[in-house]
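This is what each chain is made of:
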Amino acid sequence: MPSEFGLFVSTDIAKCSGCKACEMACFQSHNIKRNNVGKTVGTISVPVTPKLYVTVIETASMPVQCKHCENSPCKAVCQQKAISRVGSQIIVDEAKCIGCKDCLMACPFGAIALLPFYVGGRQAPQADSSGGKVAASKCDLCYEDPEGPACVRVCPNEALRLTDVNEERKKKNIAAAEALAVINAGDPGRRALS
Amino acid sequence: MTETYIAIDQNLCTGCQECTKVCPNLAIEGLPHQPQKTNPDKCVRCGQCVQKCKSYVSIAEHGAAAYARVRKERGLPDAFKEPLFAAHFFSRIDEVKKALADPDLFTVVQCAPAVRVAIAEDFGAPLGTLAAGKLAAALRRIGFDKVFDTNFAADVTIMEEGSELIDRVKKGGVLPMFTSCCPAWVRYLELNYPGQRQHLSTCKSPQQMEGALFKTYGAKLLNVPPKKLYSVSVMPCTCKQSESARPEMKDSGQRDVDVVLTTRELAWLIKDLGIDFQALPDEKYDSPLGDYTGAAEIFGVSGGVMEAALRTGYELLTGQPIPAVDVTAVRGTNGFRHADVQVGDLTLKVGVVTGLKHVKPVMEDLKAGRLDLHFVEVMTCPEGCISGGGQPKLICDTDAGEAFGNRVAATYEHDRGLPLRKSHENPSVQKLYADFLKKPLGHESHKLLHTTYCGDPKHH
């Protein structure tokens, strides 16, 4: 049964090396059709604009990416209705985005960046044609890709995982129950009672 | 001062240390989550770190102006639009453009076999597309006066190296003999096993043989003074530039190869000049120094030099053609594999190493006197030159299996499709020997095509 809640990609910070393979794969998967990006770096002719952001601190690193919040503050503040829920994912429609930055301010994790928006190898024009368009860029869980999130597939350290919180909770519940079952089984007094 | 060939940009490196996992000589130093540095005294310049690195100049992190600044720092043309990564090699496009623009210079170019099975990828073609004809056409459009081919010299290498092996076997010379085509391997051996140097074949690599022939035999044929001949090579390799700069590589009287571009740099040059690669027709390489057989083409894959040597060596030793041209026993991708090949009365024991990290146990066996082989091929990169540090860089390493597999398949396909598949059958090589070299291992060969790797490797 599909999760009622939005799936998201979680990181095992102990495994992440901070290599940015996820950022490159993310950029590639979203620009194959839009900007003719192939499988080699030589096919890239536009700036790399990922939808997740590897963050390196002194002792660790991890990609920060959208958690697809149930009560999404970004979606709530977007007056252009450029952010919507598609299935259980929160998706930005770059065509509608005016670059007002309200979503960037609203997101508690900094999971959204404002980045140049390129189509067909060129930066799309602003509404009044006065310059290049920028748009909010954030994880869409590769919802158009049947193979699922590209970042999860390419991580050399298997640090990323597509996470379903319901499944996660059930697993933990079962583990907790099993741990208790062992304790109970080892108590002869309790066994005598049952 | 040691010239730097490969470096890691301290402003870009996140300290992920993924590159340290592929560095075959522990040449990358630094703490986790801190920028890493290459140690130039240990670096064998294989460029596998360049292939691995994914930490790029980012608009979100470094700002919009950073890209143009780093591009300029690295001497890249304004038309260059690819992402710039922390681990990088230094581009020599500018030197080539200057030479092409100089009316006093006669420019000749050679391309390694692995270039033609990969370069089209950077123009959007499927991974491992064979583009030998388009590559020749592109080099002509760029403006090289003659478009020759490293493959010609690969055929010459087989004549020389095959003869050297037979000589060593028959006369009780130092065995096993190791191939010397791969300069990163040669450097690794010099740095780590200097006492085993006599096991290296004295043959220069095909690039250096071709370079030495350009400025001697070629200069005579073209009627161009050697000093006016500017020799460019295009390689899948980030180490070939440093090989060409070695003090030994001046046997023509000048530097034999003036400058080396990687496959990726050639793609940048083609884009910079506005040439539509995919729309180019198939053209031929110039004769005679661009004529080649299938045996030369397979130098680009692991086991290829061995197979090419066996195709010719069999005939040189027995006087009979090898029963099966495809010597599948030495093909494959395992790090170290060995086979017994029956050559007349002789059971030739051969080994193939691919990926320099697999060579250490082999060298330790050699030192301990346990390596019972006649001939060993060593290539630094994971699956031979087709996976070299200068080849088109994959956006996702998860595509490496497909990329390398397709490039290998394209190489063998090219070999099968060529009318001649044994080096000694190359009529232009036969003519080279008849008119100029006289015989393999002869006086001229010794002077131009063989070398003694000398000096302190730290200085080159």
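Conventions and cut-offs
Residues numbered from 1 in each chain as written. Chains lettered and ligands numbered in written order. Predicted model: local features only at pLDDT ≥ 70, side-chain atom pairs only at ≥ 80, totals over all residues. Helix = DSSP H or I, 4+ residues; strand = E, 2+ residues; numbered from the N terminus. Rg over C-alpha atoms; globule rule 2.2 N^0.38 Å. Buried ≥ 20, exposed ≤ 12 C-beta atoms within 10 Å, placed from the backbone. Contact = placed C-beta atoms within 7 Å. Nonpolar A, V, L, I, M, F, W, Y, C, P; charged D, E, K, R; others polar. Pairing = 2+ DSSP bridges. Domains from an automatic or database assignment. Axes fitted to C-alpha atoms, helices over the stretch in contact; angles between N-to-C directions. Parallel < 35°, antiparallel > 145°, perpendicular 65-115°, else oblique. Left-handed = near helix turned anticlockwise from the far one by under 90°. Core = buried A, V, L, I, M, F, W, Y, C linked by C-beta atoms within 7 Å.

A.B. asks: What should I look at first to understand the overall build of chain A in this one?
C.D. replies: Helices and strands together make up the secondary structure of chain A, namely 6 helices and 10 strands. Expected size for 194 residues packed as a compact globule is a radius of gyration near 16 Å; at 21 Å, chain A overshoots this value by more than 25%. Counting only C-alpha atoms, chain A reaches 80 × 40 × 35 Å along its principal axes. Sorting the 194 residues of chain A into buried and exposed places 41% on the buried side. If you take every contact in chain A between residues at least 6 apart in sequence, the share linking residues at least 24 apart comes to 63%.

A.B. asks: It is not clear to me how the interface of chain B and chain A should be interpreted in this structure. Could you clarify?
C.D. replies: How big an interface is tends to be stated in terms of the accessible area lost upon association of its parts. Between chain B and chain A, the contact holds 29 residues from the first and 33 residues from the second. At the level of secondary structure, the elements contributing two or more residues to the side of chain B that touches chain A comprise helix H3 (59–62) and helix H11 (263–272) of chain B. Partitioning the side of chain B that touches chain A into residue classes produces 11 nonpolar, 8 polar and 10 charged.

A.B. asks: Explain the environment of A:Glu70 to me, please; I cannot follow it from the model alone.
C.D. replies: Structurally, A:Glu70 can be placed in the loop between strand S3 (61–64) and helix H2 (73–77). Among all residues touching A:Glu70, those that are not within four sequence positions of it are A:Phe5 and A:Gly6.

A.B. asks: Any chance you could explain the sheet that holds strand S7 (residues 177–178) of chain B here in plain terms?
C.D. replies: Strand-to-strand pairing in sheets goes through backbone hydrogen bonds, with the strands running parallel or antiparallel. Residues and elements named next belong to chain B. One open sheet holds the 4 strands; their spatial order is S7-S12-S11-S10, and the pairing between them is mixed. Both edges of this open sheet fall to S7 and strand S10 (336–343), since each of them pairs with a single strand only. As paired elements, strand S11 (residues 346–354) and strand S12 (residues 375–379) share 5 bridges and run parallel to each other. Its bridge partner lying in S12, valine 353 is registered against valine 378.

A.B. asks: Honestly, the domain arrangement of chain A in this entry has me stumped. Any pointers?
C.D. replies: For chain A, the assigned domains read domain 1 (8–163) and domain 2 (165–194). Relative placement of domain 1 of chain A and domain 2 of chain A: their C-alpha centres are 41 Å apart.

A.B. asks: Help me out: how do you make sense of the packing of helix H7 (residues 150–171) of chain B against helix H16 (residues 427–437) of chain B in this one?
C.D. replies: Packed helices, taken two at a time, are described by their axes: the angle between them and the distance between them. All names here are of chain B. With their axes 10 Å apart at the nearest point, H7 and H16 run at an angle of 60° to one another. As far as their axial angle goes, H16 and H7 are oblique. For H7 against H16, the interelement crossing comes out right-handed. Each of Phe152, Asp155, Val156 and Met159 in H7 lies in contact with H16, whose residues at this interface are Ser428, Val429 and Leu432.

A.B. asks: Would you mind going over the nonpolar core with me for this structure?
C.D. replies: Nonpolar side chains in soluble globular proteins tend to end up buried together. Counting residues in hydrophobic clusters, the biggest one holds 188 residues, and the most contacted among them are A:Cys22, A:Cys151, B:Cys49, B:Val109, B:Leu135 and B:Trp185. The element best represented in this core is H7(B), accounting for 8 residues. Here B:Cys49 is in contact with B:Ile6, B:Cys19, B:Val22, B:Cys23, B:Ile28 and B:Ala87, once residues within four sequence places are set aside.

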